[in-house]
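# Structure at a glance
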Amino acid sequence: MSAVAARPVTVRPRRRRGVGLALLAWLAGLLFFLPIAWMALTSFHSEADAATNPPSFGAALTLDGYRDFFGVGGGASPWPALVNSTVASVVSTLCVLLLALPAAYALSIRRVRKWTDVLFFFLSTKMLPVVAGLLPIYLFARNAGMLDNIWLLVILYTSMNLPIAVWMMQSFLAEVPVAVIEAARVDGARLPTVLTRVVAPIALPGIAATALICFIFSWNELLFARVLTGVVAETAPVFLTGFITSQGLFLAKVCAASLVISLPVLAAGFAAQDKLVQGLSLGAVK
């Protein structure tokens, strides 16, 4: 009887703690969502209403910002920049996955000698400030005739995202049962078959999470794209900075452009949200 009577005393604090954590999570979500909602609302305002301080929430809505962004009034078209960003992000992400999967396999399942040193070497490459390598890369690209070339960005984005991809996929592939791989090898499966038909399906959530993060990093990259491209290989973030001129900041147009450029990342995250959660939590619960 004493044990039964003591249950409400222990359960109620847990319920209150759970409700408090849920409210805290909702509050944090709203704080993260508020700037996006504000940007979306501002994109539908005229430049005069967008520049008011304090902001005019009840101002009339208009599509002028989106018309200016898509060049309806005679401005530059954003489609070449969007295509360049898509090509650079998608191709570099595919290259990263093709290189990171066998590397992570060698570092997690069929471990090479001093594999921990290899992992720390990959991590050390991310410690160098990006701006420190900008001048050597610019000189190399100029001498090689690769300035304003989208394939130069593909190579750079692949090399920049490869270390973090190897680190992530190494932790994901470490959770793959070795017995399944050994059974496939006993059946005569070679390494390419083991990677594509055994390891990849099991580690698919981790691969999807890695691909999404690499895609986001490539899509949002600005420094190298700003310095190494001009007109032909201009990416979407570089095109976005063109709306900020010496004449002033066109707030409504910038918000409209930012929302449109963010849509591919938001769509990719929404489409792969289940795989992303599974991948990031892989191995957390035994």
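Notes on the structure follow. What you see is a predicted model; the values in this text were computed from it and never measured. (Residues numbered from 1 in each chain as written. Predicted model: local features only at pLDDT ≥ 70, side-chain atom pairs only at ≥ 80, totals over all residues. Heavy atoms only, no water.)

## Quick look at the overall build of the protein chain
Helix and strand counts for the protein chain stand at 14 helices and two strands. Out of the 286 residues in the protein chain, the part that is buried amounts to 35%. In the protein chain, once contacts between residues fewer than 6 apart in sequence are set aside, the share between residues at least 24 apart is 76%. When the accessible surface of the protein chain is summed, it comes to about 17200 Å², and 70% of that surface belongs to carbon and sulfur atoms. (Helix = DSSP H or I, 4+ residues; strand = E, 2+ residues; numbered from the N terminus. Buried < 20%, exposed > 50% of the residue type's maximum accessible area, 1.4 Å probe, protein only. Contact = heavy atoms within 4.5 Å. Areas by Shrake-Rupley, 256 points an atom, 1.4 Å probe, with all protein chains shown as cover.)

## Concerning the nonpolar core
Ranked by internal contacts, the top residues of the largest apolar core, which has 27 residues, are Tyr105, Leu173, Ile181 and Val199. Residue assignment for this core shows that the elements contributing at least two residues are α4 (79–108), α5 (115–124), α7 (150–173), α8 (178–186), α9 (191–202) and α10 (204–220). Top contributing element to this core by residue count: α4, with seven residues. Leave out the neighbours within four places in its chain, and Tyr105 touches Arg110, Leu173, Ile181, Arg185, Leu191, Val194, Leu195 and Val199. If you look at the next biggest cluster of nonpolar residues, it comprises 17 residues, including Phe69, Phe215, Ala236 and Ala256. (Core = buried A, V, L, I, M, F, W, Y, C linked by side-chain atoms within 4.5 Å.)

## Observations regarding the pattern of salt bridges
Tallying each qualifying case throughout the model produces one salt bridge. Of the charged contacts, one joins Asp64 and Arg67 as a salt bridge, the two residues approaching to 2.9 Å between their closest N and O atoms. With Asp64 and Arg67 both in helix α3 (residues 64–69) and three residues apart, the pair spans about one turn of that helix. On the accessibility criterion, Asp64 (38% relative accessible area) is partly exposed. On the accessibility criterion, Arg67 (40% relative accessible area) is partly exposed. (Salt bridge = Lys/Arg side-chain N within 4 Å of Asp/Glu carboxyl O.)

## Topic: the environment of Ile109
Along the chain, Ile109 turns up in the loop between α4 and α5. Note: C-alpha distance between Ile109 and Val178 (69 residues apart in sequence) is 7.2 Å. In contact with Ile109, not counting residues within four places along its chain, are Ala104, Leu173, Val176, Ile181 and Val199.

## Notes on the packing of α5 against α7
Closest axis-to-axis distance for the α5/α7 pair is 8 Å, and the angle between their directions is 140°. Taken together, the axes of α5 and α7 are oblique relative to one another. Relative to α7, α5 is oriented so that their crossing is left-handed. When α5 is examined against α7, the residues Trp115, Leu119, Phe120, Phe122 and Leu123 are found in contact with a partner set consisting of Pro163, Val166, Trp167 and Gln170. Among the residues forming the contact of α5 with α7, the class breakdown is eight nonpolar, one polar and no charged. (Axes fitted to C-alpha atoms, helices over the stretch in contact; angles between N-to-C directions. Parallel < 35°, antiparallel > 145°, perpendicular 65-115°, else oblique. Left-handed = near helix turned anticlockwise from the far one by under 90°. Nonpolar A, V, L, I, M, F, W, Y, C, P; charged D, E, K, R; others polar.)

## Notes on the packing of aromatic side chains
With the rule as written, the count across this model stands at five aromatic pairs. Relative to Tyr66, the ring of Phe44 has its centre 5.1 Å away and its plane inclined at 40°; by these criteria the two rings are tilted. In this pair, Phe44 is assigned in the loop between α1 (2–43) and α2 (47–50) and Tyr66 in helix α3, connecting sequence segments 22 residues apart. According to the relative accessible area criterion, Tyr66 is buried, its value standing at 14%. Ring geometry for Phe69 against Phe239: centres 5.9 Å apart, planes inclined by 75°, an arrangement best described as edge-to-face. Within this pair, whereas Phe69 is found in helix α3, its partner Phe239 is found in helix α12 (residues 236–241), the two being separated by 170 residues in sequence. Here the aromatic residues Phe69, Phe70, Trp79 and Phe239 are joined through ring pairs into a cluster of three or more. Between the NZ or CZ atom of Lys253 and the centre of the ring of Phe250, over which it lies, the distance is 4.9 Å. (Phe/Tyr/Trp six-rings, centres within 6.5 Å; stacked < 30°, edge-to-face > 60°. Lys NZ or Arg CZ within 6 Å of the ring centre and 35° of its normal.)

## Details of the side chain of Asn84
Relative to the helices and strands, Asn84 is located in helix α4. Classification of Asn84 by relative accessible area gives buried; the value is 12%. A polar side-chain atom of Asn84 sits 2.9 Å from the main-chain carbonyl oxygen of Val232. Setting aside residues no more than four positions away along its own chain, Asn84 makes contact with Ile150, Val232, Ala233, Glu234 and Thr235. (Polar contact = N/O pair within 3.5 Å; in protein donor to acceptor, adjacent residues only side chain to side chain.)

Nothing here speaks to function; it is geometry throughout.
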